[in-house]
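# Overview (structure and organization)
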Amino acid sequence: MPETKEALAFYAAQSTYSDPGALAGVYTDLPHDPAELARISRDLLIHRVEGDLFGHTHPTDRLHNDAESRYIDDTLNILVERNAAPLSVRRELGDRFVGICRDFTLLHCSFLRHAGIPARVRIGFADYWGSSFHGDHVVTEYWDDERGWLLADAQLADPFVSDHWKVNFDPMDVPRDRFLVAGEAWRAIREKGADERTFGLHGPQEGPFWGERYVAGSIRLDLAALNKVETLLWDVWGEDEGEPGTPLPEPARKFYDGVAPVVSGEISFEAARKLFTEDDVLRTPQTVTSYAPFNGPSEVVLR
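All of these numbers come straight from a predicted model, not from anything done at the bench. Numbering of residues begins from 1 in every chain and follows the order in which that chain's sequence is written. Residues qualify for local features only when their pLDDT is at least 70, as the model is predicted, and side-chain atom pairs are given and counted only at 80 or more; totals for whole chains, interfaces and linings, by contrast, use all residues. Only hydrogens and water are set aside; all other atoms, that is, all heavy atoms of the structure, feed into the side-chain values.

### Observations regarding the environment of proline 297
Only DSSP runs of H or I with at least four residues qualify as helices, and only runs of E with at least two residues qualify as strands; both kinds are numbered from the N terminus onward. Along the chain, proline 297 turns up in strand β10 (residues 296-301). For the pair formed by proline 297 and aspartate 158, sequence separation is 139 residues and the distance between their alpha carbons is 33 Å. With sequence-adjacent residues up to four places away left out, proline 297 is seen in contact with Ser290 and Tyr291. Here, residues are in contact when the closest pair of their heavy atoms is within 4.5 Å.

### So, the pattern of salt bridges
Salt bridge criterion: a side-chain nitrogen from Lys or Arg within 4 Å of a carboxyl oxygen from Asp or Glu. If you walk through the whole model with that rule in mind, you get 25 salt bridges. Arginine 82 is the salt-bridge partner of aspartate 66, the closest N and O atoms lying 2.8 Å from each other. Of this pair, aspartate 66 sits in the loop between α4 (60-65) and α5 (72-82) while arginine 82 sits in helix α5, and the two are 16 residues apart along the sequence. Exposed residues in this analysis have more than 50% of their type's maximum accessible area, buried residues have under 20%, and partly exposed residues fall in between, with area computed by a 1.4 Å probe over protein chains only. Among the residues examined, aspartate 66 registers a relative accessible area of 4% and is labelled buried. Across the pair aspartate 73 and arginine 303 runs a salt bridge, and its minimum N-O distance is 3.2 Å.

### Focus: the sheet that holds strand β8 (residues 235-236)
Spatially, β8-β9-β10 is the arrangement adopted by the three strands of the open sheet, whose pairing is antiparallel. Of all the strands in the sheet, the pair left with one neighbour each is β8 and β10. Pairing between strands requires that DSSP locate at least two bridges from one strand to the other. Where strand β9 (residues 287-292) meets β10, six bridges bridge the pair, whose relative direction is antiparallel. For threonine 287, the partnering residue across the bridge sits in β10 and is valine 301.

### Re the side chain of serine 218
Take serine 218: it is sitting in helix α9 (residues 211-226). In this structure, serine 218 is in contact with Ile123, Phe125, Asp136 and Ala182, ignoring residues within four places of it in sequence.

### Section: the packing of aromatic side chains
Geometry of an aromatic ring pair is reported as the spacing of the ring centres plus the angle between the planes. Two rings from Phe, Tyr or Trp (for Trp, the six-membered ring) form a pair when their centres sit within 6.5 Å of each other. Planes less than 30 degrees apart are called stacked, planes more than 60 degrees apart edge-to-face, and all others tilted. Summed over all chains, the structure comprises 16 aromatic pairs. Note on phenylalanine 209 and tyrosine 214: the rings are 6.5 Å apart at their centroids and 65° apart in plane angle, and the pair reads as edge-to-face. Judged by relative accessible area, phenylalanine 209 falls into the partly exposed class, the value being 36%. Relative accessible area serves as the criterion here: at 19%, tyrosine 214 is assigned to the buried category. Ring pairs connect the aromatic residues Phe10, Tyr11, Trp143, Trp149 and Phe269, which therefore count as one cluster. As a reminder, the over-ring test applies to NZ of lysine and CZ of arginine, requiring each to be within 6 Å of the ring centre and within 35 degrees of the ring normal. The residue whose ring lies beneath arginine 120 is tryptophan 149, and the NZ or CZ to ring-centre distance is 3.8 Å.

Here it is, written out as C-alpha cells:
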C-alpha cells in the first residue's frame, strides 16, 4: 500500500523525544544504511537484563537511572560523557547506556530520521525471547521505498545476541507474526481466541502485568508513538480505574475493540492522528504518572 507524502514527511522528521538537539553534531559521520544504524544503536547500549548474557554487572545507579531518560539528547549526553569517541565506535560494556528495548528503538529512529528515512516506534509483543510467550517489546518500523513499512529490532543487530536467542529471521525484517503490534495482540485475544495470559511483561505466575489490561495500555503507548509522542513504557495516562492484573470493565473492552483496528494492519496516518488528537482518554496529557521500575511512581511534566 503506498504511503502518503504527508505521513512520510512526518515520520522523517525528529520528534521532541528523538531530536538530538545541541548534540546533533555527533551524528555528522553516521551512515545512511538502516542496518548499519541499527548495529550502531546496539553497540552503544546494553539492556538492563543483559548483564548475565554479556558477563557484565551494571552499576546500580545506571541500572536504576539510565532508562529514565525520555529524550535522546539526554541519552546522548550520557553516552558522550562516558566516552567521547564517534558514535560509530563500538563501546565497551562499561561505557554503554543501560537501557531497555525502547531505548535501542528510539535511538535507531533518531538515526534514521536524521538520515531522512521515515521511521516510527512501535510497541507490541514479541515471541522470540526463548519461549512462545508474547513478551512486551518495542521495535522500529521504517520505510523502504520498494517494500513499504518494515519492522526492525535493533536489539538483535549484534549477531552474538541474535544467535543466543536462536533468531531465524533478519532483524531488519522482523516477521509480523513474530512481533505483534499492540492492536494486533488485542485483536488476537478478542477476535481469534488467543490466551490473554500469554501476553504481557510476564506471565500471571510472576505478577500482575499481563493480559487484556496490559495490552490495552500498550495500545495507548503505540498510538502515542504513531503520533511521535514516544514516552517511557511506564508512563501512564487515561487509565480506567482498576488494579493491574484485574479484568477490564466491559465498556473499556468495547472501547479498545474500536481503537485496535486503527493501530493494526496497514495504518491510516490520518485516522491515527485524528483518534489521538480528539480522544481525551488516548491523547497524552502534559503531565503523566511514571511508574519507574526502580525509583517508584512520580508525576512528570513532559516537554
